[in-house]
Amino acid sequence: MALDGTWDDLVKSLAKDLAYYVKKEMYPAHYQRLKTQKTASEKLVYLHILHSQPQTFTSIQRSLGLSSYTVNQALRRLRDRGHVVKDSRLYWVSDPETER
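The following paragraphs examine the structure supplied in this document.

Cut-offs used in this document
- Residues numbered from 1 in each chain as written.
- Predicted model: local features only at pLDDT ≥ 70, side-chain atom pairs only at ≥ 80, totals over all residues.
- Heavy atoms only, no water.
- Helix = DSSP H or I, 4+ residues; strand = E, 2+ residues; numbered from the N terminus.
- Buried < 20%, exposed > 50% of the residue type's maximum accessible area, 1.4 Å probe, protein only.
- Pairing = 2+ DSSP bridges.
- Contact = heavy atoms within 4.5 Å.
- Axes fitted to C-alpha atoms, helices over the stretch in contact; angles between N-to-C directions.

### Structural notes on the environment of E97
(1) Moving on: The residue E97 is located in the segment after β3 (90–93) in this model.
(2) Moving on: By relative accessible area, E97 is classed as partly exposed at 46%.
(3) Moving on: Along the primary structure E97 and H30 are separated by 67 residues, whereas in three dimensions their C-alpha atoms are 9.5 Å apart.

Spelled out as structure tokens, the structure:
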């Protein structure tokens, strides 16, 4: 099922608002990571895990209301970049300070 423009706009808006919050209020290193992520779903998944880690795949999918496919793709790309790690069934945001 394809997402309609309204839903996509909402996801983009949430990701943008949360990214601004991370930049201004939390950690600049996480904001730099957000700038490397290509899709709104990657940003949203990253921020969700960052805010309430650890998370299972199912909890991420249900909390964000995204399809399993979308969450799986976002997590795969985040893990490929080393931004998210999986320990057994739990996902965590890796420490950006270790990238330097």
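### What to know about the sheet that holds β3
Within a sheet, neighbouring strands are paired by backbone hydrogen bonds and run either parallel or antiparallel to one another.
(1) Moving on: Sheet architecture is open: three strands sit in the order β1-β3-β2, paired in antiparallel fashion. Each edge of the open sheet is held by one strand with a lone partner, namely β1 (55–56) and β2 (84–87).
(2) Moving on: Relative to β3, β1 runs antiparallel, the two being bridged by two bridges. What sits directly across from Q55, in β3, is Y91.
(3) Moving on: Here helix α3 (residues 40–51) sits on the sheet in contact with β1, β2 and β3, set at roughly 95° to β3.

### Digging into the pairing of β3
(1) Moving on: Burial along β3 is one-sided: Y91 and V93 are buried, and none of L90 and W92, which face the opposite way, are.
(2) Moving on: Relative to β3, β2 is paired through four bridges, and the arrangement is antiparallel. The partner of V85 across the bridge, within β3, is W92.
(3) Moving on: Connecting β2 to the antiparallel partner β3 that follows it, the hairpin turn spans two residues, and S88 within it adopts a positive phi of roughly 60°.

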